[in-house]
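# Structural features, examined
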Amino acid sequence: METMAKDGAAQEATVTPNKDVSEDKPKGYTVIYVSGGPGSGKSTQCAKIAPYFGFCHLSVGDLLEAEVETGSEYGKMIEDCKKEGRLVPSDLVVKLLQQAMQRSQNKKFVIDGFPRNEENRAAAESIMKIEPDFVLFLDCSEEEMKRRLLNRNQGRVDDNINTIQKRLKVYFECTLPVINYYSAKGKVRKIDAEGSPEEVFEAIKDVFFELKEKHGETAGRP
Ligand SMILES: Nc1ncnc2c1ncn2[C@@H]1O[C@H](COP(=O)(O)OP(=O)(O)O)[C@@H](O)[C@H]1O
Ligand SMILES: O=c1ccn([C@@H]2O[C@H](COP(=O)(O)OP(=O)(O)O)[C@@H](O)[C@H]2O)c(=O)[nH]1
Ligand SMILES: [Mg+2]
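First, a word on scope: everything that follows refers to the structure included in this document. Quantities reported herein were computed from a predicted structural model and do not represent experimental measurements. (Residues numbered from 1 in each chain as written. Chains lettered and ligands numbered in written order. Predicted model: local features only at pLDDT ≥ 70, side-chain atom pairs only at ≥ 80, totals over all residues. Heavy atoms only, no water.)

## Structural notes on the site of ligand 1
The test is simple: Any residue with a non-hydrogen atom lying within 4 Å of a molecule or strand is treated as near it. Two N or O atoms count as a polar contact when they lie within 3.5 Å, although within protein this holds only if one can serve as hydrogen donor and the other as acceptor, and sequence-adjacent residues are included solely when both atoms are side-chain atoms. Accessible areas in this description were obtained via Shrake-Rupley with a 1.4 Å probe; residue shielding takes into account the shown protein chains only. Helix and strand assignments follow DSSP, with helices taken as H or I runs no shorter than four residues and strands as E runs no shorter than two, numbered in order from the N terminus. Classes in brief: Ala, Val, Leu, Ile, Met, Phe, Trp, Tyr, Cys and Pro nonpolar; Asp, Glu, Lys and Arg charged; the others, Gly included, polar.
In the vicinity of ligand 1 there are 13 residues, among which G39, K42, T44, R152 and G195 approach most closely. Between an oxygen atom of ligand 1 and a side-chain N or O atom of K42, the distance comes to 2.8 Å. Note that a nitrogen atom of ligand 1 is positioned 3.4 Å from one of the side-chain N or O atoms of R148. The protein chains hide 80% of the 560 Å² of surface that ligand 1 would expose on its own. For the shell around ligand 1, the leading source of residues is helix α2 (residues 42–53), giving three residues. Across the shell around ligand 1, the residue classes tally to two nonpolar, eight polar and three charged.

Put into structure tokens, the structure is as follows:
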């Protein structure tokens, strides 16, 4: 998996904001948002997509965690949000994402767990001038998401039933409307995320081969 830490030294690639609003996003960039509920498998699938298709995997949850570890003035606020399943203000999240993109030598990004609400989406559009090529939506039942989170065993402070309920509420009330927004623009690629990680990745591959074909990189799935 390509991470911010691994490619952090490179500074050449810059996310130059476009003056021309007719442009989708900074030239030459490919941005895929990976969305879905907590436990739907976003991070698991991004870790497969990144090496297979040559993308940089940026997890906003991980970027926030890294910010806490730097001893940042925002550390306590970020930790409180995570514990309570609340969303961190968009300006901070977008700043961290923008820095990570600028530090990457890659121009192809899978952005894991963002945008989480309408404010996130609007901030990415207006500040970073990012418009995703598509939104990969991992569609999973609430029952299965809860089961996975309660078995995640990564020592996360937010993987307890109380916080999980709050995160699910945020997902249904704030994140799903963003998915619907992109759906109305024909940008959502919905994947059945109930199967095994391998089965889900097979379905995702089709979507990425379609993208490569569109970019003239290949004749499609081999
Ligand atoms: N398709 C799947 N089937 C069963 N378990 C899965 C699947 N995808 C992910 N998991 C497991 O479920 C948990 C949540 O997955 P994760 O990728 O962290 O979800 P998210 O990033 O969407 O919160 C992890 O323990 C992961 O190993
Ligand atoms: O765009 C984002 C992404 C994450 N978070 C915060 O980080 C937590 C964990 O996010 P992560 O994506 O790691 O959780 P996952 O969905 O993978 O379980 C969330 O509950 C939020 O508090 C946020 O505020 N904005
Ligand atoms: Mg995750």
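From this point, the narrative continues.
## Some words on a negative patch on the surface
Note the following rule: Patches draw on residues past 30% relative accessible area with no salt bridge. Two like charges within 9 Å are joined, as are two nonpolar side chains (Val, Leu, Ile, Met, Phe, Trp, Tyr) within 5 Å. Salt bridges are defined as contacts in which a side-chain nitrogen from Lys or Arg sits within 4 Å of a carboxyl oxygen from Asp or Glu. In this count, Lys and Arg are taken as positive residues and Asp and Glu as negative ones, while His and the chain termini are left out. Taken as the charge location is NZ of Lys, CZ of Arg, CG of Asp or CD of Glu. Each residue is assigned to one of three classes by its accessible area relative to the maximum for its type, calculated with a 1.4 Å probe on protein chains only: buried under 20%, partly exposed between the two thresholds, exposed over 50%.
On the surface, E143, D192, E194, E198 and E199 cluster together to form a negatively charged patch. Mapped onto the elements of the fold, E143 is located in helix α7 (residues 142–150). With relative accessibility at 68%, the residue E143 sits in the exposed group.

## Section: the site of ligand 2
Close contacts around ligand 2 come from 19 residues, with K42, R86, V88, R152 and R167 the closest. Between ligand 2 and R86 there is a distance of 2.6 Å, counted from an oxygen atom to a backbone nitrogen or oxygen. At 3.1 Å, a side-chain N or O of R152 approaches an oxygen atom of ligand 2. In the complex, the protein chains occlude 97% of the 530 Å² of accessible area that ligand 2 would expose alone. Taken together, the elements giving at least two residues each to the shell around ligand 2 come down to α3 (60–69) and α4 (75–84). In terms of residue count, the dominant contributor to the shell around ligand 2 is α3 (three residues).

## Quick look at the packing of aromatic side chains
Inclusion rule: Any two of the Phe, Tyr and Trp rings considered here, Trp counted by its six-membered ring, make a pair once their centres fall within 6.5 Å; the pair's planes then place it as stacked at under 30 degrees, edge-to-face at over 60, or tilted in between. A ring is scored as having a charge over it whenever the NZ atom of a lysine or the CZ atom of an arginine sits within 6 Å of its centre and within 35 degrees of its normal.
Under the definition given, this model contains 12 aromatic pairs. Centre to centre, the rings of Y29 and F109 are 5.8 Å apart; their planes meet at 5°, and the pair counts as stacked. Note that Y29 is positioned in the loop between α1 (4–7) and β1 (30–36) and F109 in strand β3 (residues 108–112), a separation of 80 residues in sequence. The buried category is assigned to F109, whose relative accessible area is 0%. Between Y52 and F201, the aromatic rings sit 5.5 Å apart at their centres with planes inclined by 85°, giving edge-to-face as the arrangement. One end of the pair, Y52, is in helix α2; the other, F201, is in helix α9 (residues 197–214), and 149 residues separate them in sequence. Judged by its relative accessible area of 44%, Y52 falls in the partly exposed class. Sitting over the face of the ring of Y181, R121 holds its NZ or CZ atom 3.8 Å from the ring centroid.

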